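What follows is each chain in one-letter form.
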Amino acid sequence: MGRSRSTSGKTGRRSAAVAAVEEPVDGGLAQLVPDPDRGRAWTLLIDGAPQSHVDLDDPAYLSFEYQRRLGHVIDLVAPPGKPVHAVHLGGGAFTLARYVAATRPRSTQQVVERDASLVQLVRRELPLDPGARVRVRAVDARAGLAKVPDGWADLVVADVFSGARTPAHLTSTEFLDEVRRALKPSGVYAANLADGPPLAHLRGQIATAAARFGELALIADAAVLRGKRFGNAILVASDLPLPLAELTRRAASDPHPGRVEHGRPLTDFTGGAAPVTDDAAVASPAPPPSVFR
């Protein structure tokens, strides 16, 4: 289904003439829904589940809570404005790659998104800035990561969902071995994880990261950490000390404040969970239908 391209201008409310775009992709039915409050902004949904929000006029604007938290990690991975090498596993609408390009000009980025039909849709309807140094590979996340040169990346972001679940092969110590290989010694890994009570998946992912990285932090809503509801948590890992004070300040000042756990409290949170290996890995749990209502 096509759409009119007329808008009410660069900012402000959008003209009613702009219609949503619907198109089948490899992962289901993709919808690009116009944001009524921002001139050239769109929300990407797959089978009704929100995936990404993009503002073409303001790519530094992050609407989704979990993307803002990943934005904090991006902001703190290097001095402000310094270009970085970044790998994004899971493309969606390339929101975070656009954010890096806007906030860290001259950065070099690789986006790995398995859904080739989705990549084509996003490229056509929400084109990347032609000046941005972003390469997009339409392959499986782990296969794409394997092609990243050793020690190339300052940052690896994992935000991969298939049917609203993280595939099993992206949850293991062997997967994190590939992440570590691609990262510089000072590099940072950040993953968007989703879980609900009893938080077995989240605890296992923390234990898995702890088996491969020396420093960890977790950013999430207090209600999610207490197992009160299903939600997202951002796991941050590195071999060098993390900017915990600034991460904590930024997460606490978000519109939906988050909490940062680290050190002994984070170790205790795992409850003795064992690291996940390839032979025991399973996909993350499916979210309850109420999450997307």
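Since the model is a prediction, treat every value here as computed from it, not as a measurement.

Cut-offs applied
- Residues numbered from 1 in each chain as written.
- Predicted model: local features only at pLDDT ≥ 70, side-chain atom pairs only at ≥ 80, totals over all residues.
- Heavy atoms only, no water.
- Pairing = 2+ DSSP bridges.
- Helix = DSSP H or I, 4+ residues; strand = E, 2+ residues; numbered from the N terminus.
- Axes fitted to C-alpha atoms, helices over the stretch in contact; angles between N-to-C directions.
- Core = buried A, V, L, I, M, F, W, Y, C linked by side-chain atoms within 4.5 Å.
- Buried < 20%, exposed > 50% of the residue type's maximum accessible area, 1.4 Å probe, protein only.
- Contact = heavy atoms within 4.5 Å.
- Salt bridge = Lys/Arg side-chain N within 4 Å of Asp/Glu carboxyl O.
- Left-handed = near helix turned anticlockwise from the far one by under 90°.
- Nonpolar A, V, L, I, M, F, W, Y, C, P; charged D, E, K, R; others polar.

Colleague: Can you tell me about the sheet that holds strand β7 (residues 133-137), naming the residues and giving the values?
Modeller: With respect to topology, eight strands assemble into an open sheet ordered β7-β6-β5-β8-β9-β11-β10-β12, the strand pairing being mixed. Each edge of the open sheet is held by one strand with a lone partner, namely β7 and β12 (259-262). Taken over all neighbouring pairs, the strand axes of this sheet differ in orientation by 15° on average, direction set aside. As judged from the six bridges shared by strand β10 (residues 215-220) and strand β11 (residues 231-238), these two strands associate in the antiparallel manner. Bridged to alanine 217 within β11 is valine 236.

Colleague: Which residues make up the nonpolar core, and what are the values?
Modeller: Formed by 34 residues in total, the largest nonpolar core has its most connected members in Leu89, Val179, Tyr189 and Leu218. Once residues lying within four places of it in the same chain are set aside, the contact partners of valine 179 are Leu145, Val156, Tyr189 and Phe213. Counting residues in hydrophobic clusters, the runner-up holds 25 residues, among them Leu62, Val77, Val157 and Val188.

Colleague: Tell me about the sheet that holds strand β1 (residues 21-25), and please be specific about residues and values.
Modeller: The four strands are arranged β1-β2-β3-β4 in an open sheet whose pairing can be described as antiparallel. Each having just a single partner strand, β1 and β4 (49-55) make up the two edges of the open sheet. Averaged over neighbouring strand pairs, the angle between their axes works out to 20° when direction is ignored. Looking at chain direction, strand β3 (residues 41-46) and β4 are connected through six bridges and run antiparallel. Directly across from tryptophan 42, in β4, lies its bridge partner valine 54. Across the sheet, helix α3 (residues 116-125) touches β1, β2 (28-34) and β3, and the angle it forms with β1 is around 155°.

Colleague: Kindly report on the pattern of salt bridges, identifying the contributing residues and their values.
Modeller: Side-chain pairs of opposite charge can arise where the charged atoms are in close proximity. Counted under the stated rule, the structure contains 20 salt bridges. Ionic pairing is found between arginine 38 and aspartate 58, a salt bridge with its closest N-O pair at 3.5 Å. With arginine 38 in the loop between β2 and β3 and aspartate 58 in the loop between β4 and α1 (65-76), the pair connects residues that are 20 residues apart, well separated along the chain. Using a relative accessible area of 22% as the deciding quantity, one classes arginine 38 as partly exposed. Close ionic contact of glutamate 261 with arginine 259 constitutes a salt bridge, the shortest N to O distance being 2.8 Å.

Colleague: Which residues make up the packing of α1 against helix α2 (residues 95-103), and what values go with them?
Modeller: Contact geometry of α1 with α2 gives a least axis separation of 11 Å together with a crossing angle of 35°. Relative to α2, α1 is oriented so that their crossing is right-handed. Residues Gln67, Leu70, Gly71, Ile74 and Asp75 of α1 touch α2, and the partners they reach there are Thr95, Leu96, Tyr99 and Val100. Here the contact of α1 with α2 is composed, by residue class, of five nonpolar, three polar and one charged.

Colleague: Let's hear about unusual backbone geometry: which residues, and what values?
Modeller: In this structure, proline 198 follows proline 197 across a cis peptide bond, with omega equal to 10°. For proline 198, the location among the structural elements is in the loop between β9 (183-195) and α6 (200-210). In this model, aspartate 47 sits at a positive phi of 50°, which is unusual for a non-glycine residue. Looking at where aspartate 47 falls in the secondary structure, it is placed in the loop between β3 and β4. Take aspartate 47: its relative accessible area is 55%, and that puts it in the exposed class. The phi torsion at arginine 106 lies on the positive side, around 75°, for a residue other than glycine. Summarising the element assignment, arginine 106 is placed in the loop between α2 and β6 (108-112).

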